[in-house]
Amino acid sequence: MRSAVLVAVMALVTMLLRFLPFLIFRKRTPAYIAYLGKVLPPAIIGMLVVYCLKDVTPTAPPFGLPELLAAVCVVGVQAWKRNAIASILAGTVLYMVLIRLAV
Amino acid sequence: MEHQIVKQAFFKSLPVMAGYLVLGVGFGILLRNAGYGVLWAFAMSAFIYAGSMQYVGVGLLSGGASALTAALTTVMVNARHLFYSVSMIDRYKDAGRYKPYLIFALTDETYSLLCDGHAPAEGDPDRYRFLVSLFNQCYWVTGSVAGSLLGAVLPFSTAGIEFSMTALFIASFTEQWLTARDHVPALTGLCSTLLCLVLFGRDRFLIPAMLLITLVLTLLGRRKGAAA
């Protein structure tokens, strides 16, 4: 029941975010909002990268090495192939191998 | 005619197909590992339909988050959708009966396919965009459901599959870095969040980070505006 409420909240808030601009800015978009629309997406992606790695502890074994190496792999494959599926697959498989070696 | 537009929409959606199937499968497995079966996978992909948010949502569900935390996290993770919508206001203005679904289904990938405004010369462009959006969601739902079913029968441990979410964000960060000329927004996001992680701890840094990012970017924008 509680989980169903959470899913409903996530669904409704997501819908609200998508529909709101269509309801508010019927005529024209203020310059500030347009500016935020340009600069916020890359900043939020940066935030989410940090969010995903928040539980890594660099001071204790394995010192965040699996995450670091897999992240480098994703960056490398992405820069080389410019294909998100290839880089995500490569990084995830490498990570799954590394955490099995580390234990 | 109708056949033509369906075919063109299908071809347009092809680049997203592989991505949504793979990421959907990853999501389905992750959700099953957290103890939520195929109906949950279907419901989340049908009604939330926001990839990164659903990955984050698995953590919220299994971590026993409150409804308020879920709402605030959704606002932050999906805030970028406000801006996708802003840039589509004109394009979807006269979409009529397709408009509600076009807005609902405006994911990162669908936006990236439709934001150039290209549509076939013949036929109803809104119907074409509707079909592209619909095909994309079909791939996503199919992938999620398949992942959930697969997760139950896979003979090997799927521990570590959760890195696919991290990898997804690192890949988009890299891609944006390579295509953007101005790296200040990306660096602002990274540094502000790291700073807030150190200051506020790993359980409560997201909201301060979001505020700091908005503040820094607003100040930088003012400065640029004043200089120009």
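Residues numbered from 1 in each chain as written. Chains lettered and ligands numbered in written order. Predicted model: local features only at pLDDT ≥ 70, side-chain atom pairs only at ≥ 80, totals over all residues.

Asker: Can you tell me about the overall build of chain B, naming the residues and giving the values?
Answerer: Counting its secondary structure elements, chain B contains ten helices and zero strands. Put simply, chain B runs from its N terminus to its C terminus through helices and strands in the order α-α-α-α-α-α-α-α-α-α. In terms of overall size, chain B behaves like a compact globule, its C-alpha atoms giving a radius of gyration of 19 Å where 228 residues would be expected to give roughly 17 Å. Here chain B holds 228 residues, and 46% of them are scored as buried. In chain B, 75% of the contacts between residues at least 6 apart in sequence involve partners at least 24 apart. (Helix = DSSP H or I, 4+ residues; strand = E, 2+ residues; numbered from the N terminus. Rg over C-alpha atoms; globule rule 2.2 N^0.38 Å. Buried ≥ 20, exposed ≤ 12 C-beta atoms within 10 Å, placed from the backbone. Contact = placed C-beta atoms within 7 Å.)

Asker: I'd love a proper account of the interface of chain B and chain A, names of residues and values included.
Answerer: Taken together, the 65 residues of chain B in the interface contact 56 residues of chain A. Counting only elements with at least two residues in the side of chain B that touches chain A, the list comes to α1 (2-33), α2 (38-48), α3 (51-62), α4 (67-88), α5 (99-104), α8 (163-179), α9 (184-200) and α10 (206-227) of chain B. Looking at the side of chain B that touches chain A, the element that brings in the most residues is α8(B), giving 15 residues. Here the side of chain B that touches chain A is built from residues that sort into 44 nonpolar, 18 polar and three charged. (Nonpolar A, V, L, I, M, F, W, Y, C, P; charged D, E, K, R; others polar.)

Asker: Give me the lowdown on the domain arrangement of chain A, citing residues and values where you can.
Answerer: Each domain of chain A was delimited in the assignment, giving domain 1 (1-52) and domain 2 (57-103). Using C-alpha coordinates to define each centre, domain 1 of chain A is positioned 29 Å away from domain 2 of chain A. (Domains from an automatic or database assignment.)

Asker: Any details on the nonpolar core? Residues and values, ideally.
Answerer: Side chains that are nonpolar tend, in soluble globular proteins, to be buried together. Counting 96 residues, the largest nonpolar core has A:Met10, A:Val49, A:Val74 and B:Phe169 as the members making the most contacts within it. When residues in this core are grouped by element, the largest group, twelve residues, is from helix α2 (residues 31-52) of chain A. If we skip the residues at most four places from it in the chain, A:Met10 touches B:Ile48, B:Met53, B:Gly57, B:Ala70 and B:Thr74. (Core = buried A, V, L, I, M, F, W, Y, C linked by C-beta atoms within 7 Å.)

Asker: I'd like a description of the packing of α3(B) against α4(B), backed by residues and values.
Answerer: All names here are of chain B. Taken N-terminus to C-terminus, the directions of α3 and α4 make an angle of 155 degrees; their axes are 10 Å apart at the nearest point. Taken as axis vectors, α3 and α4 run roughly antiparallel relative to one another. Remark: the crossing between α3 and α4 carries right-handed chirality. Each of Ser52, Met53, Val56 and Leu60 in α3 lies in contact with α4, whose residues at this interface are Thr69, Ala70, Thr73, Thr74, Val77 and Asn78. Partitioning the contact of α3 with α4 into residue classes produces five nonpolar, five polar and no charged. (Axes fitted to C-alpha atoms, helices over the stretch in contact; angles between N-to-C directions. Parallel < 35°, antiparallel > 145°, perpendicular 65-115°, else oblique. Left-handed = near helix turned anticlockwise from the far one by under 90°.)

Asker: Please set out the packing of α2(A) against α4(B) residue by residue, giving values where relevant.
Answerer: Any two packed helices are characterised by how steeply their axes cross, that is the angle between the axes, and by the distance between the axes. Their axes nearest at 9 Å, the elements α2(A) and α4(B) cross at an angle of 140 degrees. One element, α2(A), and the other, α4(B), form an angle in the oblique class. In this structure, α2(A) meets α4(B) at a crossing whose hand is left-handed. Contacts between α2(A) and α4(B) involve A:Ile33, A:Ala34, A:Leu36, A:Gly37, A:Leu40, A:Pro41 and A:Ile44 from the first element and B:Ala79, B:Arg80, B:Phe83, B:Val86 and B:Ser87 from the second.

Asker: With reference to specific residues and values, describe helix α3 (residues 65-81) of chain A.
Answerer: An ideal rise of 1.5 Å per residue puts 24 Å on 17 residues; α3(A) measures up with 24 Å between its terminal C-alpha atoms. Buried residues along α3(A) sit against α4 (84-102) of chain A together with α8 of chain B. A:Arg82 sits one or two positions beyond α3(A) and adopts a positive phi of about 55 degrees. (Expected span 1.5 Å × (residues − 1).)

Asker: Could you give me a rundown of α2(B), with the residues and numbers involved?
Answerer: Along α2(B), the residues classified as buried are B:Trp40, B:Ala41, B:Met44, B:Ser45 and B:Ile48. Down the axis, α2(B) shows its buried residues gathered within 120 degrees of arc, on one side only. Residues of α2(B) that are buried sit in contact with α1 (2-24) of chain A together with α1, α3 and α7 (125-153) of chain B. (Arc of directions from axis to C-beta.)

Asker: An account of unusual backbone geometry is requested, with residue identities and associated values reported.
Answerer: Residue A:Pro61 is joined to A:Pro62 through a cis peptide bond whose omega torsion reads 0 degrees. Looking at where A:Pro62 falls in the secondary structure, it is placed in the loop between α2 and α3. Of note in the backbone geometry, A:Arg82 takes a positive phi value of approximately 55 degrees without being a glycine. Here A:Arg82 is to be found in the loop between α3 and α4. By C-beta crowding, A:Arg82 is classed as partly exposed, having 14 other C-beta atoms within 10 Å. Unusually for a residue other than glycine, B:Tyr49 sits at a positive phi of about 45 degrees.

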